[in-house]
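Here is what each chain is made of, one letter per residue.
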Amino acid sequence: MQLFFHPEVSENDKEVHFSREESKHIVKVLRKREGDRLHLTNGKGWIFETEVSLAEPNNCSARILKSEKEAPPSYHLHLAVAPTKMNDRYEWFLEKATEIGIQEITPVICDHSERKVVKHERFQRVMQSALKQSLHTRFPVLHEPVGLKEFLEKAHSGAKFIAHCEDSQPRKLLSKCLKKGISATVLIGPEGDFSEEEISLALKAGWQPVSLGNSRLRTETAAVVACHTAALINEEE
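Residues numbered from 1 in each chain as written. Predicted model: local features only at pLDDT ≥ 70, side-chain atom pairs only at ≥ 80, totals over all residues. Heavy atoms only, no water.

## Regarding the overall build of the chain
Along the chain, the regular secondary structure elements total seven helices and 13 strands. For the chain, contacts bridging at least 24 residues in sequence account for 74% of all contacts bridging at least 6. Counting only carbon and sulfur atoms, one obtains 46% of the accessible surface of the chain, whose full area is about 12500 Å². Where the 33 positive side-chain charges of the chain centre and where its 35 negative ones centre are 2 Å apart. (Helix = DSSP H or I, 4+ residues; strand = E, 2+ residues; numbered from the N terminus. Contact = heavy atoms within 4.5 Å. Areas by Shrake-Rupley, 256 points an atom, 1.4 Å probe, with all protein chains shown as cover. Lys, Arg positive; Asp, Glu negative; His and termini not counted. Charge placed at Lys NZ, Arg CZ, Asp CG, Glu CD.)

Okay, structure coming up:
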């Protein structure tokens with residue numbers, strides 16, 4: 001099944017109209033014609049089965065035949081990840097985390113961050129593509145970047161973990177700390193790790209220090225490992 005992303009459609013709609021870019025892709029690339037079936041999601045858990053009613057390269061529309069809402073995930077994972085020096089590495093993380101099934105992401109600017117500006121709209125497009133490819137129906141929340149100290153001052157529900165590389169601090173494996181069905185927020189630092197002050201602030205604010213294993217991981221790899229660890233723990237038996 002090929003899945004399209006259309007955030008404006010709702011379960012009450014009878015018809016959906018595609019953008020010029022999406023229309024061209026449907027008609028010119030996929031060669032869809034009137035009567036062909038398409039599946040799409042609005043990123044809010046709904047999946048729609050539709051039938052193409054108008055197949056023009058600049059103006060494609062479809063009738064909604066059936067709609068169904070999928071059950072929400074049994075857990076909620078919020079990853080707060082420092083932007084990487086190279087944008088493409090962060091985009092790789094966003095793509096893979098969306099494919100695995102992340103619910104919420106916040107870019108956090110840290111003392112050692114080499115990049116303090118991110119391309120939010122570009123990131124959204126990367127995630128949309130990953131959502132369609134992986135056939136997920138819930139689009140992750142991508143927040144605007146925020147300073148780490150400000151992020152620590154906010155209220156966060158569920159368990160709170162900071163994955164840092166400071167050997168002087170006792171740390172448990174994240175896989176031993178996460179429990180099935182719980183909400184959790186995991187902090188992942190930049191190249192060069194969190195500063196000592198940032199680690200101290202997090203610990204004083206109640207964040208639990210964790211390790212992601214014996215290997216020293218790059219920022220984007222660590223974030224994907226954390227995401228996959230949560231997904232595996234919450235796999236349905």
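The rest of the description comes next.
## Digging into the packing of helix H2 (residues 87-100) against helix H3 (residues 120-134)
For the pair H2 and H3, interaxial distance at closest approach is 8 Å and the crossing angle is 35°. Considering the relative orientation of H2 and H3, their crossing is right-handed. Where H2 abuts H3, its residues Asn-87, Tyr-90, Glu-91, Leu-94, Glu-95, Thr-98 and Glu-99 lie against Arg-122, Phe-123, Val-126, Met-127, Ala-130, Leu-131, Gln-133 and Ser-134. (Axes fitted to C-alpha atoms, helices over the stretch in contact; angles between N-to-C directions. Left-handed = near helix turned anticlockwise from the far one by under 90°.)

## Comments concerning the sheet that holds strand S2 (residues 15-17)
Read from one edge of the open sheet, five strands run S1-S3-S4-S5-S2, paired in mixed fashion. Across the chains shown, the open sheet's two edge strands, defined by having one partner strand only, are strand S1 (3-5) and S2. Averaged over all neighbouring strand pairs, the angle between strand axes comes to 40°, with direction disregarded. Here H3 sits on the sheet and contacts S1 and strand S3 (37-41); the angle it forms with S1, its principal contact strand, is near 155°. (Pairing = 2+ DSSP bridges.)

## Digging into the packing of aromatic side chains
Counted according to the given criterion, the structure contains six aromatic pairs. Between Phe-5 and Phe-139, the ring centres sit 5.3 Å apart and the planes meet at 25°, which makes this aromatic pair stacked. One end of the pair, Phe-5, is in strand S1; the other, Phe-139, is in the loop between H3 and strand S8 (141-142), with 134 residues separating them in the sequence. Judged by relative accessible area, Phe-5 falls into the buried class, the value being 12%. Their ring planes at 45° and their centres at 6.2 Å tell us that Phe-151 and Trp-207 sit as a pair that is tilted. Of this pair, Phe-151 sits in helix H4 (residues 148-153) while Trp-207 sits in the loop between helix H6 (196-204) and strand S13 (208-211), and the two are 56 residues apart along the sequence. Its relative accessible area of 3% is what places Trp-207 among the buried residues. Feature note: the residues Tyr-90, Phe-93 and Phe-123 constitute an aromatic cluster, connected by ring pairs. Directly above the aromatic system of Trp-92 lies the positively charged group of Arg-89, at a separation of 5.5 Å from the ring centroid. (Phe/Tyr/Trp six-rings, centres within 6.5 Å; stacked < 30°, edge-to-face > 60°. Buried < 20%, exposed > 50% of the residue type's maximum accessible area, 1.4 Å probe, protein only. Lys NZ or Arg CZ within 6 Å of the ring centre and 35° of its normal.)

## What to know about helix H7 (residues 219-233)
Between the first and last C-alpha of H7 there are 21 Å, a value that for 15 residues agrees with the 21 Å anticipated at 1.5 Å per step. Taken together, the buried positions of H7 are Thr-219, Glu-220, Ala-222, Ala-223, Val-224, Ala-226, Cys-227, Thr-229, Ala-230 and Ala-231. Among the structural elements, strand S6 (76-81), H2, helix H5 (174-177) and strand S12 (183-188) are those in contact with the buried residues of H7. (Expected span 1.5 Å × (residues − 1).)

## Side note on the pairing of S3
Looking at chain direction, S1 and S3 are connected through three bridges and run parallel. Counted as the bridge partner of Phe-4 is Leu-40 from S3. Judged from the five bridges that link them, S3 and strand S4 (residues 46-56) form a sheet pairing that is antiparallel. Its bridge partner lying in S4, Leu-40 is registered against Phe-48.

## Topic: the side chain of Ser-113
Within the secondary structure layout, Ser-113 lies in the loop between strand S7 (104-109) and H3. Ser-113 sits in the buried class, given a relative accessible area of 8%. From its side chain, Ser-113 meets the backbone nitrogen of Cys-110 in a polar contact 2.8 Å long. Aside from chain neighbours lying at most four places away, what touches Ser-113 is Ala-82, Val-108 and Pro-190. (Polar contact = N/O pair within 3.5 Å; in protein donor to acceptor, adjacent residues only side chain to side chain.)

## Topic: the pattern of salt bridges
Evaluation of the coordinates by the stated rule reveals 11 salt bridges. Close ionic contact of Arg-37 with Glu-49 constitutes a salt bridge, the shortest N to O distance being 2.7 Å. Here Arg-37 is found in strand S3, whereas its partner Glu-49 is found in strand S4, with 12 residues between them in sequence. Overall, Arg-37 belongs to the partly exposed group, its relative accessible area being 43%. Among the salt bridges present, the one from Glu-220 reaches Arg-218, with a minimum N-O distance of 2.9 Å. (Salt bridge = Lys/Arg side-chain N within 4 Å of Asp/Glu carboxyl O.)

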